[in-house]
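Listed below are the residues making up each chain.
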Amino acid sequence: MPSTTAITVPQLSRLVGLPDAPCLVDVRTDEDYEADPRLLPASCRRDFRTVSTWAAEFSGRKVVVICQRGQKLSQGVAAWLRHEGIPAESLEGGFEAWAAAKAPLVAASAIPPRDENGRTVWVTRSRPKVDRIACPWLIRRFVDPDAVFLFVDPAEVTLVADRFAAVPFDIEGVFWSHRGDRCSFDTMIEEFGLRVDALDRLALIVRAADTARLDLIPQAAGFLAASLGLSRMFRDDLEQLEAGMLLYDAFFRWCRDAAEETHNWPVGGKAQ
């Protein structure tokens, strides 16, 4: 009989990267984590021994708890969270089962230091179009759901980065930027270790739209048009980012689930 308090690797893998994905909490011991310092996408580390002090952080949110093998640590923490009224499940088989399934894992060493509130902080040029929406989308969906993004005048990016301990991206001369014919979105996928078929397909669309090579993939022209349209709709860059998240969510789902689907008219065609 399926467990009512655990989620399987295939079930969780279908949720990762989606806007309604559960919060993922890694409670592996320091020894287990140091043996393989990778994280499930968008997960955060917490000490299982102090669950009573941090449980309230996840109030009103669904949680999946991960330990090494899905046994006492994750099941105990999930039970404690449920006691606090938080819907929580443990990952069946734990980190080992996820890694064995070759599901996506993020290189923890690539994640920048977090601020006093546990968030990564990033800064880039104002008036984003493609790459400067793509990168925040990737970070929020696969690295740090609470990441902060600062949009400033191009000439001020490096100075703001220095003064506010923020990570600059998508400007010349910084680590998180274009490399050769690939854009900043490609760089982040590579550095975080997020080689997933759906993200690779999305990266091609982003690269084609961002570098004016619309012949690379048919979807690039429409994607660029939608991106430029959004940039004209919003004066506030953060409002544009929130609207752009939905665009990237939709294209990610298309890349993952619907790339082979067609739509024919009249009714009665092969696909509708």
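Every value quoted in this text rests on a predicted model; they were computed, and no experiment measured them. (Residues numbered from 1 in each chain as written. Predicted model: local features only at pLDDT ≥ 70, side-chain atom pairs only at ≥ 80, totals over all residues. Heavy atoms only, no water.)

*Asks:* Mind laying out the overall build of the protein, listing which residues take part and the relevant values?
*Replies:* Within the protein, the secondary structure is distributed over 11 helices and 10 strands. Taking 19 Å as the expected radius of gyration for a compact globule of 272 residues, we find that the protein reaches 20 Å, a close match to that expectation. Split into buried and exposed, the 272 residues of the protein put 47% on the buried side. The contacts of the protein with a sequence gap of at least 6 include a subset with a gap of at least 24, amounting to 66%. Of the roughly 14000 Å² that the protein leaves accessible, carbon and sulfur atoms contribute 52%. (Helix = DSSP H or I, 4+ residues; strand = E, 2+ residues; numbered from the N terminus. Rg over C-alpha atoms; globule rule 2.2 N^0.38 Å. Buried < 20%, exposed > 50% of the residue type's maximum accessible area, 1.4 Å probe, protein only. Contact = heavy atoms within 4.5 Å. Areas by Shrake-Rupley, 256 points an atom, 1.4 Å probe, with all protein chains shown as cover.)

*Asks:* Describe the sheet that holds strand E5 (residues 63–66), naming the residues involved and giving the relevant values.
*Replies:* Strand order in the open sheet formed by 5 strands is E1-E6-E5-E2-E4, with parallel pairing between adjacent strands. Here the strands that pair on one side only, and so sit at the sheet edges, are strand E1 (6–7) and strand E4 (43–45). (Pairing = 2+ DSSP bridges.)

*Asks:* I'd like to hear about the UniProt feature "domain: Rhodanese" (unreviewed entry) in the protein, residue by residue, with values.
*Replies:* According to UniProt, the "domain: Rhodanese" (unreviewed entry) feature falls on residues 18–107. Each end of residues 18–107 is marked by a C-alpha atom, and these two atoms are 20 Å apart; helix forms 32% of the span and strand 21%. (UniProt positions renumbered as here; feature names shortened; annotations may be inferred.)

*Asks:* Tell me about the environment of Leu 12, residues and numbers included.
*Replies:* Relative to the elements of secondary structure, Leu 12 occurs in helix H1 (residues 9–13). A relative accessible area of 0% means that Leu 12 is categorised as buried. Sequence spacing of Leu 12 and Pro 218 is 206 residues, and the spatial spacing of their C-alpha atoms is 31 Å. In this structure, Leu 12 is in contact with Ile 7, Pro 22, Leu 24, Leu 40, Val 64, Leu 91 and Trp 98, ignoring residues within four places of it in sequence.

*Asks:* An account of the state of the cysteines is needed here, citing residue identities and associated values.
*Replies:* The full count for this structure, using the stated rule, is 0 disulfides. Cys 44 forms no disulfide, and the closest cysteine sulfur to it belongs to Cys 23, at a distance of 7.2 Å. In this structure Cys 183 is not part of a disulfide, and its nearest cysteine sulfur, from Cys 135, lies 6.9 Å away. (Disulfide = S-S within 2.5 Å.)

*Asks:* Explain the packing of helix H9 (residues 197–210) against helix H10 (residues 219–233) residue by residue, including any values.
*Replies:* Orientation of H9 relative to H10, taken along the N-to-C sense of each, is 65°, at an axis distance of 8 Å. Between H9 and H10, the angle is such that the two are roughly perpendicular. The handedness of the crossing between H9 and H10 comes out as right-handed. Where H9 abuts H10, its residues Ile 205, Val 206, Ala 208 and Ala 209 lie against Gln 219, Ala 220, Phe 223 and Leu 224. (Axes fitted to C-alpha atoms, helices over the stretch in contact; angles between N-to-C directions. Parallel < 35°, antiparallel > 145°, perpendicular 65-115°, else oblique. Left-handed = near helix turned anticlockwise from the far one by under 90°.)

*Asks:* I'd love a proper account of the sheet that holds strand E9 (residues 148–152), names of residues and values included.
*Replies:* Taken together, the 3 strands give an open sheet; going across it, the order is E9-E8-E10, and neighbouring strands pair in parallel fashion. In this open sheet, the two edge strands, each paired with only one partner strand, are E9 and strand E10 (167–168). Contacts from helix H6 (residues 131–142) reach strand E8 (121–125) and E9 within the one sheet, and its direction differs from that of E9 by about 165°.

*Asks:* I'd like a description of the packing of helix H8 (residues 184–192) against H9, backed by residues and values.
*Replies:* Where H8 meets H9, the closest approach of the two axes is 9 Å, and the angle between their N-to-C directions is 155°. Viewed along their axes, H8 and H9 adopt a mutual orientation that is roughly antiparallel. In this structure, H8 contributes Phe 185, Asp 186 and Ile 189 to the contact, and H9 contributes Leu 199, Asp 200, Leu 202, Ala 203, Val 206 and Arg 207. Of the residues in the contact of H8 with H9, the class split is 6 nonpolar, no polar and 3 charged. (Nonpolar A, V, L, I, M, F, W, Y, C, P; charged D, E, K, R; others polar.)

*Asks:* I'd like a rundown of the pattern of salt bridges, residues and numbers included.
*Replies:* What the rule picks out here adds up to 23 salt bridges. Between Arg 179 and Glu 191 there is a salt bridge, with the nearest N and O atoms lying 2.8 Å from each other. Of this pair, Arg 179 sits in the loop between E10 and H8 while Glu 191 sits in helix H8; the two residues are 12 residues apart in sequence, bridging distant segments of the chain. With a relative accessible area of 30%, Arg 179 lands in the partly exposed category. Where Asp 257 meets Arg 256, a salt bridge forms, and the shortest distance between an N and an O atom there is 3.0 Å. (Salt bridge = Lys/Arg side-chain N within 4 Å of Asp/Glu carboxyl O.)

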